[in-house]
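As a plain string of letters, each chain reads:
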Amino acid sequence: MAELDRPVSFRAGTGESVAALVDVLDVQAAWPGVRRLRAWGREVLGPGPGERAVDVGAGTGEETQAMAAAVGPSGTAIGVEPNPGLREVAAGRAAAAGSAARFVDGLAYALPFDDASVDVLRCERVFQHLDEPDRAAAEIARVLRPGGRALVADTDWATMIIHPGAPDTVETIRRFWLGRFPNPLSGRRLGGQLTAAGLAVADAGSQAIIQDATAAEDMLTLLGTVDGLLTAEAREDLFADLRAAARRGDFHFSVTMFALLAHKPGET
Ligand SMILES: C[S@@+](CC[C@H](N)C(=O)[O-])C[C@H]1O[C@@H](n2cnc3c(N)ncnc32)[C@H](O)[C@@H]1O
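If you're wondering where the values come from, they're calculated on a predicted model, not measured in any experiment.

Reading the values: rules and limits
Residues numbered from 1 in each chain as written. Predicted model: local features only at pLDDT ≥ 70, side-chain atom pairs only at ≥ 80, totals over all residues. Helix = DSSP H or I, 4+ residues; strand = E, 2+ residues; numbered from the N terminus. Rg over C-alpha atoms; globule rule 2.2 N^0.38 Å. Buried ≥ 20, exposed ≤ 12 C-beta atoms within 10 Å, placed from the backbone. Contact = placed C-beta atoms within 7 Å. Pairing = 2+ DSSP bridges. Right-handed = clockwise from strand over helix to strand, strands pointing away. Axes fitted to C-alpha atoms, helices over the stretch in contact; angles between N-to-C directions. Parallel < 35°, antiparallel > 145°, perpendicular 65-115°, else oblique. Left-handed = near helix turned anticlockwise from the far one by under 90°. Nonpolar A, V, L, I, M, F, W, Y, C, P; charged D, E, K, R; others polar. Expected span 1.5 Å × (residues − 1). Arc of directions from axis to C-beta. pLDDT = per-residue confidence, 0-100.

Turning our attention to the overall build of the protein chain. When its secondary structure is counted, the protein chain shows nine helices and seven strands. Computed over the C-alpha atoms, the radius of gyration of the protein chain is 19 Å, within 12% of the 18 Å expected from 2.2 N^0.38 for a compact globule of 268 residues. Over its C-alpha atoms, taken along the principal directions, the protein chain stretches across nearly 60 × 40 × 35 Å. A burial count over the protein chain gives 41% of its 268 residues as buried. Within the protein chain, contacts between residues separated by at least 24 positions form 78% of all contacts whose residues are at least 6 apart in sequence.

Let's shift gears to the pairing of strand 2 (residues 76-80). Regular strands have side chains that alternate between both faces of the sheet. Of all five residues that make up strand 2, four are buried, and the element is covered over most of its length. Across five bridges, strand 1 (residues 52-56) lies against strand 2 in parallel orientation. Residue pairing in the sheet places Ala53 in a bridge with Ala77 of strand 2. Traced from strand 1 through helix 3 (residues 62-71) to strand 2, the parallel crossover comes out right-handed. Relative to strand 3 (residues 102-104), strand 2 runs parallel, the two sharing three bridges. Bridge pairing links Ile78 to Arg102 in strand 3.

Another aspect to go through is the packing of helix 1 (residues 18-30) against helix 4 (residues 84-96). It is at 9 Å that the axes of helix 1 and helix 4 come closest, and there the two elements cross at 55°. One way to sum up the angle between helix 1 and helix 4 is to call them oblique. Two packed elements cross with a definite hand, and for helix 1 against helix 4 that hand is right-handed. Contacts between helix 1 and helix 4 involve Val18, Leu21 and Val22 from the former and Gly85, Leu86 and Val89 from the latter. For the contact of helix 1 with helix 4, the residue count by class is five nonpolar, one polar and no charged.

Our next topic: unusual backbone geometry. Cis geometry marks the peptide bond from His163 to Pro164, where omega comes out at 0°. The residue Pro164 is located in the loop between strand 5 (144-163) and helix 6 (167-178) in this model.

With 13 residues, helix 1 ought to run about 18 Å at 1.5 Å a step, and its terminal C-alpha atoms sit 19 Å apart, in line with that. By the burial criterion, the buried members of helix 1 are Leu21, Val24 and Leu25. End-on view of helix 1: buried residues confined to an arc of 100°, all on one side of the axis. Away from its buried face, by an angle of more than 90 degrees, helix 1 presents the exposed residues Ala19 and Ala30. Where helix 1 is buried, its residues meet helix 4.

Below, the discussion takes up the sheet that holds strand 1. Ordered in space as 3-2-1-4-5-7-6, the seven strands form an open sheet in which the pairing is mixed. With one partner strand each, in any of the chains shown, strand 3 and strand 6 (200-211) form the two edges of the open sheet. Across this sheet, the average inter-strand angle for adjacent strands is 20°, counted without regard to direction. Inspection of the sheet shows strand 4 (residues 118-124) paired to strand 5 by six bridges, in the parallel sense. Residue Val120 lies in a different strand from strand 5, and its bridge partner there is Arg149.

We now examine the environment of Val143. Within the secondary structure layout, Val143 lies in helix 5 (residues 133-143). On a C-alpha basis, the gap between Val143 and Tyr109 in space is 11 Å, while along the polypeptide they are 34 residues apart.

Moving on, we come to the confidence of the model for the protein chain. For the protein chain, mean pLDDT is 92; residues scoring 70 or higher make up 95% of the total. Contacts from residues 1-6, a stretch scored under 50 in pLDDT, to residues over four places away or in other chains number 18 contacts.

Attention now moves to the pairing of strand 4. Of all seven residues that make up strand 4, seven are buried, and the element is covered over most of its length. The pairing of strand 1 with strand 4 spans four bridges and is classified as parallel. Pairing of Ala53 across the sheet is with Val120, part of strand 4. In the classification by handedness, the crossover that spans strand 4, the intervening helix 5 and the parallel strand 5 is right-handed.

The following block contains the structure:
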């Protein structure tokens with residue numbers, strides 16, 4: 001589980017190695033749960049020919065490219081990405097793929113678009129990194145035109161399940177993970193935040209991102225480097241429990257993502 005094999009950060013301005021971030025995003029993009037949630041999101045969001053589409057926190061731009069294909073030559077698809085290295089990678093990949101997707105600098109708190117100028121917007125796994133997600137929700141509402149729609153997807157880290165394992169050890173790991181994000185319960189808070197921003201939530205989807213036993217090995221290796229978190233004994237016991245469980249098909253490790261479709265009230 002490459003997401004866990006090094007402590008990378010997607011927070012704006014942390015100066016993390018771009019290659020490491022790209023590596024992590026590529027692994028995540030291939031997870032079946034992510035692919036399924038993205039497919040559902042594309043279907044319900046439904047960018048159409050001629051529309052102006054925006055992908056906030058676009059990362060490597062895979063979904064921005066999908067938006068560009070959907071809006072066609074008469075539309076525009078713009079990825080907003082504050083990390084210059086990721087922006088460069090996204091632009092390079094789009095060019096190599098012959099996609100018209102383009103990428104601009106910007107933050108979720110101050111999107112570089114006029115009021116009511118965007119038809120359709122997506123924002124995936126960005127809110128968990130934000131100190132003030134309500135401000136980002138308000139920005140989404142500001143830039144959407146009346147009748148415009150948004151798909152916001154995020155993880156809820158409290159949904160992490162590690163099975164089996166000593167309850168105290170599992171709880172210690174869960175709490176550590178919650179502490180890594182400014183907004184770790186992002187998934188469950190999206191509905192309230194989008195509603196408070198004046199948007200009407202129209203649909204909700206979710207996917208558990210289910211990992212295999214190698215993910216647990218990677219995670220325990222990483223957690224072993226965090227001073228004082230787990231005793232060597234607790235770690236070894238958990239390794240042994242999870243490996244034995246994997247052999248008998250009783251291993252489960254997951255975290256759940258939620259995605260909300262919201263409309264801006266008004267004429268279409
Ligand atoms: C976990 S990645 C998700 C990338 C992409 N949306 C995806 O699902 O693959 C989080 C992204 O949010 C971006 N990001 C972080 N803070 C941001 C902010 N304040 N405004 C906009 N994007 C931000 C990061 O640079 C990164 O590209």
